[in-house]
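# Fold and contact review
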Amino acid sequence: PGRAEEQDGRFGAELGGVRSVMVVVDGETSELNLLGVTKDSIRTTVSNWLREEARLPIASEAEVIESMAGVGIVHISVHAILDRKVERVALAVEVELRRRALVDCRRYAPLVAAWRAVGMTLVKSKDASAAFGKLLRVKHAELLGNMQEAKQHEGAARVDECAVFD
């Protein structure tokens, strides 16, 4: 990326400057599948929330491969452990926004975590699907709140750490 791209926030380890997102879901979902929750349903739900509530375009894999400028990867890791004997489910959701960030003056831009939140709960098996949806919604709301706060601070003076070496 050129100097202008660096300064407009499209390559930074913060939430400001994110112009579109791609949602990726991973984790152990076999127990969630038993509860009627799939990776595709999680990806679709979160993509819809981001599109409707944050007004963020959802980037396709091809768009992300072409350019990571201004693109955030919303990475959702989900886990569920079902104990049939006591009819309880342990649920865990980690939501992380990753993006490319310039980390040195050679323009090296690895994918870094700009924001992360983890939520866990233990519920009765019959309540697991609803509890999972609520847990995911809470973590999503935290992400949106932090993104909105970061957007308010966009354009603030940025220190060019590489200026000394140019």
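Each value, and the rule that gives it
Residues numbered from 1 in each chain as written. Predicted model: local features only at pLDDT ≥ 70, side-chain atom pairs only at ≥ 80, totals over all residues. Heavy atoms only, no water. Helix = DSSP H or I, 4+ residues; strand = E, 2+ residues; numbered from the N terminus. Buried < 20%, exposed > 50% of the residue type's maximum accessible area, 1.4 Å probe, protein only. Contact = heavy atoms within 4.5 Å. Areas by Shrake-Rupley, 256 points an atom, 1.4 Å probe, with all protein chains shown as cover. Pairing = 2+ DSSP bridges. Axes fitted to C-alpha atoms, helices over the stretch in contact; angles between N-to-C directions. Expected span 1.5 Å × (residues − 1). Left-handed = near helix turned anticlockwise from the far one by under 90°. Nonpolar A, V, L, I, M, F, W, Y, C, P; charged D, E, K, R; others polar. pLDDT = per-residue confidence, 0-100. Arc of directions from axis to C-beta.

### Points about the overall build of the protein
Secondary structure summary: the protein contains five helices and four strands in total. When the helices and strands of the protein are listed from N to C terminus, the series reads α-β-α-α-α-β-β-β-α. In the protein, which comprises 166 residues, the share counted as buried stands at 40%. Across the protein, the fraction of contacts at a sequence separation of at least 24, relative to all contacts at a separation of at least 6, is 69%. Surface summary for the protein: the accessible area is close to 9,500 Å², and the carbon and sulfur share equals 52%.

### What to know about the sheet that holds strand β3 (residues 88-100)
Strands sit in the order β1-β2-β3-β4 across an open sheet of four strands; the sheet is mixed. Edge positions in the open sheet fall to β1 (20-28) and β4 (111-124), since each of these has one partner strand only. Averaged over all neighbouring strand pairs, the angle between strand axes comes to 15°, with direction disregarded. The sheet contact formed by β1 and strand β2 (residues 71-83) spans nine bridges and is parallel.

### Considering helix α5 (residues 128-152)
Think of an α-helix as turning once every 3.6 residues; residues three or four places apart then point the same way. The first and last C-alpha atoms of α5 sit 36 Å apart over 25 residues, in line with the 36 Å expected at 1.5 Å per residue. Those residues of α5 not exposed but buried are A128, A131, F132, L135, L136, K139, H140, L143, L144, M147 and A150. Contacts made by the buried residues of α5 are with α2 (30-34), α3 (39-53), β2, β3 and β4.

### A look at the packing of α3 against α5
Remark: α3 packs on α5, axes separated minimally by 11 Å, with the N-to-C direction vectors making an angle of 35°. For the element pair α3 and α5, the recorded crossing hand is right-handed. When α3 is examined against α5, the residues I42, V46, W49, L50 and E53 are found in contact with a partner set consisting of F132, G133, L136, R137, H140 and L144. For the contact of α3 with α5, a count of residues per class yields seven nonpolar, two polar and two charged.

### Comments concerning unusual backbone geometry
Residues other than glycine seldom take positive phi values, yet R55 does so here, at roughly 55°. Mapped onto the elements of the fold, R55 is located in the loop between α3 and α4 (61-66). By relative accessible area, which is 66% here, R55 ends up exposed. If you check the backbone angles, E87 has positive phi at about 55° while not being a glycine. Mapped onto the elements of the fold, E87 is located in the loop between β2 and β3.

### What to know about the confidence of the model for the protein
Within the protein, residue pLDDT values average 80, and 78% of them lie at 70 or more. Highest mean pLDDT in the protein belongs to α3 (92); lowest belongs to helix α1 (residues 3-7) (42). In this model residues 156-166 is a low-confidence stretch, pLDDT under 50, and it forms 12 contacts with partners more than four residues away in sequence or in other chains.

### Focus on α3
The end-to-end C-alpha distance of α3 is 21 Å, a good match for the 21 Å that 15 residues give at a rise of 1.5 Å each. All of the buried residues along α3 are I42, V46, S47, W49 and L50. Each buried residue of α3 lies within a common arc of 160° when the element is viewed along its axis, so the set occupies one face. Seen from the open side of α3, the exposed residues pointing more than 90 degrees away from its buried face are D40 and E52. Packing partners of the buried residues in α3 comprise β1, β2 and α5. Phi for R55, located one or two positions after α3, is positive at around 55°.

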